[in-house]
Structure formats: structure tokens, C-alpha cells
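What follows is each chain in one-letter form.
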Amino acid sequence: MRKCRVGFAQKSAEERSGCRDSDFPPRLTLDPIGFVRSPLETKVQAARQPRAAAGMPARIELLRGRNFEHALEDLAHWKLIWVIFWFHQNPGWRPKVLPPRSTTGRKGVFATRSPHRPNPIGMSVVRLDRVDGLILHIRDADMLEGTPVLDLKPYVAYTDSHPGAGTGWLEDAARSDTPSQPSDPVRAYLVEFEALAAEQAVWIEAHTGLAIRERIHSTLALGPTPHPYRRIRRVDGWMQLSVKEWRVRFSVVERDVRVLEIYSGFRASQLAAGGADETQRLHCEFLAIWPHEQKA
Ligand SMILES: C[S@@+](CC[C@H](N)C(=O)[O-])C[C@H]1O[C@@H](n2cnc3c(N)ncnc32)[C@H](O)[C@@H]1O
């Protein structure tokens, strides 16, 4: 059974389903982070979804003494946020519900946005007007006064918006004819290879099987900023990417990345006497064609 400290009028899972309590599935405990303050007192007053709420204003008041001031930092940069909340005025749940807009009878509750769910969790995208301390001023609220709020997240259009997703059983809703997702708002870097680097990359691919051009391109197109996990560093005033034992020197001008040169990441001492294994022997061969001063 799920234990929820916000479950004011909630029946237990056993009461709802008739199942016996057990250790599995495990119990989950949730604490509200705050509450909705809204003029909407009764269910019939509330819109069926935020987009139908016509700008309905509300506040979300977060609890004091929980460090939520810090958790709220930077949220105001987002225009839209997800509010995850608890349908606290629900007496229970039903496997089949009759949504107001269904013209073809009852639907499985998981195929709907009904509040009558086994875990009565609601999710609404609302407009965030401003944040004043622990108070969020929102619009498009479809939550009732006193609704416990469980979480807040930014609405990120490039991953949350799927205009081509269709309308399921809402057959009377207009179908979008825009099949693609909105594009990622962060434009990719343009990655170009100088002649030397291109020639070296071709040699590496032919002799080692490592698809180094694709590795370089996909890593740097995402962003060439120094990053330990992505193996990008600033070395001797140059930018350097590591791909396996290879080192890639590149420059950045605005959003253009130029791949200048590739060299070996092995030290001179490791490559002395022709290298200890097949990998090092290939690096020695590479250095014979394109000499480079290796670190001792
Ligand atoms: C269809 S639900 C959609 C909620 C949310 N946007 C979602 O999709 O999960 C909206 C309806 O839930 C009801 N509602 C809102 N807050 C509630 C609460 N705290 N407890 C029970 N019902 C609530 C209101 O009747 C409102 O019209």
C-alpha cells in the first residue's frame, strides 16, 4: 500500500482494491512541498485542463523551513512549469471513467486525465508569472484551493512538446498536421576539419577501425566547453578533446569549431622502442608520418 502524508480523504489501497497488505509492492511516502491557493473551491468550478483555464490565476505557497528557497533558484527563467500535485478531494478511484468529452462511452482511467486514479497524482503545465520568496504566482490553474503540491519542474518544450502526438480517443479534437517535435533551442556547433586533421582522421579510421570523425563531430557539436566527463580540456592555450588514446586539437570562434590536428596521447617514454603493444605500435606509425613532440 502507498502511504501518503497528504492523503487527507484517501482510502487505503486495500480499501480500494480489496487486496491484502504486504511488503510488496513497497510503501512510498510523499510529503507535500506546498499548497495551491486559488479561488476555485469546488470541482465544477475548475477547468478540465490548464489550456482551458483561460488564465485563471493562483498561487503556490511552498512550506517554510525546508530549504525550498534554494530549490526555487533559477526556476523564474522558465515561462511554463509542471506542477505535480495530489487530487486531495478524491474519494477513490475507478478503473473505467466517463470523461466529459467522450462520445464513445467509458475509458480506462490510464487513457484519461481523470482525477479518479489509483495514485491520485495530477500534472498541469501552468504559466509562471513570477516568484516572490516562497510564493509562485501562476496562471492557467486547474487545481482546487488547498491542493497539495508534490513537485515543480520546468516545462522544456523541445522534449515535452510533441505536436504530432495525435488525439487518441478525443476524435472530435483537431489533429495537428505538424508531425515533428519542436527543435532543441540550443543550436548545435558547426564542426569542420582542417585538411591535416581530416587526413589524419582517415588514417586512424583505416588503421584502427575507430570512427574518430564521428566521435569528434558528435562530441564537439554538442558544445566544446571544457568538461572532465566529456574529456575536453584546455592545454597549453589550446582546446583539446581526447578520444581513446588520441588527442584532438581544435579552436572555437563563436559557434564554429575547427578541428586542427590529431596527435598521440601516449608519452614519449611509452612509445620508446616502437611501443609495447599493437595500439602503441600504430601510434608510432602515425608519429612517423606526422611527427609531434610528445610529453616525456
Ligand atoms: C481532469 S483534471 C486534470 C488535472 C491535470 N491537468 C492532469 O491532467 O493531471 C482537472 C479537474 O480535476 C479536479 N481537481 C482539481 N484539483 C483537485 C483536487 N485537489 N482534488 C480533486 N479534484 C481536483 C477539477 O474538477 C478539475 O476540473
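The preceding data block contains the structure.
An account of the accompanying structure is given in this report. (Residues numbered from 1 in each chain as written. Predicted model: local features only at pLDDT ≥ 70, side-chain atom pairs only at ≥ 80, totals over all residues.)

### Concerning the environment of Thr279
Part 1: Mapped onto the secondary structure, Thr279 falls in helix H7 (residues 278-289).
Part 2: Between the C-alpha atoms of Thr279 and Glu245, which are 34 residues apart in sequence, the distance is 8.9 Å. (Helix = DSSP H or I, 4+ residues; strand = E, 2+ residues; numbered from the N terminus.)

### Some words on the sheet that holds strand S6 (residues 121-132)
Neighbouring strands of a sheet are bound in pairs by backbone hydrogen bonds; such pairs are parallel or else antiparallel.
Part 1: The sheet built from six strands closes into a barrel, its strands ordered S1-S2-S7-S6-S3-S8 with antiparallel pairing. Taking each pair of neighbouring strands and ignoring which way they run, the sheet shows an average axis angle of 45°.
Part 2: Here four bridges tie strand S2 (residues 58-62) to strand S7 (residues 135-139), and the two strands are oriented antiparallel to one another. In the strand pairing of S7, Ile60 is matched with Leu136. (Pairing = 2+ DSSP bridges. Axes fitted to C-alpha atoms, helices over the stretch in contact; angles between N-to-C directions.)

### Regarding the site of the ligand
Part 1: Neighbouring the ligand are 20 residues; Lys43, Ala46, Gln89, Arg113 and Gly122 lie closest to it.
Part 2: The class makeup of the residues in the shell around the ligand is eight nonpolar, eight polar and four charged. (Near = placed C-beta within 6 Å. Nonpolar A, V, L, I, M, F, W, Y, C, P; charged D, E, K, R; others polar.)

### Things to note about helix H5 (residues 212-222)
Part 1: Listed as buried for H5 are Ile212, Ile216, Thr219 and Leu220. Mapping the buried residues of H5 onto a view down its axis gives an arc of 90°, with all of them on the same face. Opposite the buried face of H5, by more than 90 degrees, sit the exposed residues Glu214 and Ser218.
Part 2: Against strand S9 (190-193), helix H4 (195-208), strand S11 (238-243), strand S12 (246-253) and strand S13 (256-264) lie the buried residues of H5.
Part 3: Phi turns positive, to about 150°, at Gly223, one or two residues after H5. (Buried ≥ 20, exposed ≤ 12 C-beta atoms within 10 Å, placed from the backbone. Arc of directions from axis to C-beta. Contact = placed C-beta atoms within 7 Å.)

### What to know about the nonpolar core
Among soluble globular proteins, nonpolar side chains are generally buried collectively.
Part 1: Ranked by internal contacts, the top residues of the largest apolar core, which has 24 residues, are Val36, Ile60, Val83, Ile138, Ala141 and Val149.
Part 2: Elements with a minimum of two residues in this core: strand S1 (34-37), S2, strand S3 (80-86), S6, S7 and strand S8 (148-154).
Part 3: At four residues, the largest contribution of residues to this core is made by S3.
Part 4: Beyond its immediate sequence surroundings of up to four residues, Ile60 is in contact with Gly34, Val36, Val83, Leu136, Ile138 and Val149.
Part 5: Core analysis: the second largest hydrophobic core is formed by 17 residues, Ala197, Ile212, Trp246 and Val248 among them. (Core = buried A, V, L, I, M, F, W, Y, C linked by C-beta atoms within 7 Å.)

### Remarks on unusual backbone geometry
Part 1: One non-glycine residue, Arg231, lies in the positive phi region at around 60°.
Part 2: As for its placement among the helices and strands, Arg231 is situated in the loop between H5 and strand S10 (232-235).
Part 3: Here the phi dihedral of Lys244 falls at roughly 50°; this positive angle occurs in a residue that is not glycine.
Part 4: Structurally, Lys244 is set in the loop between S11 and S12.

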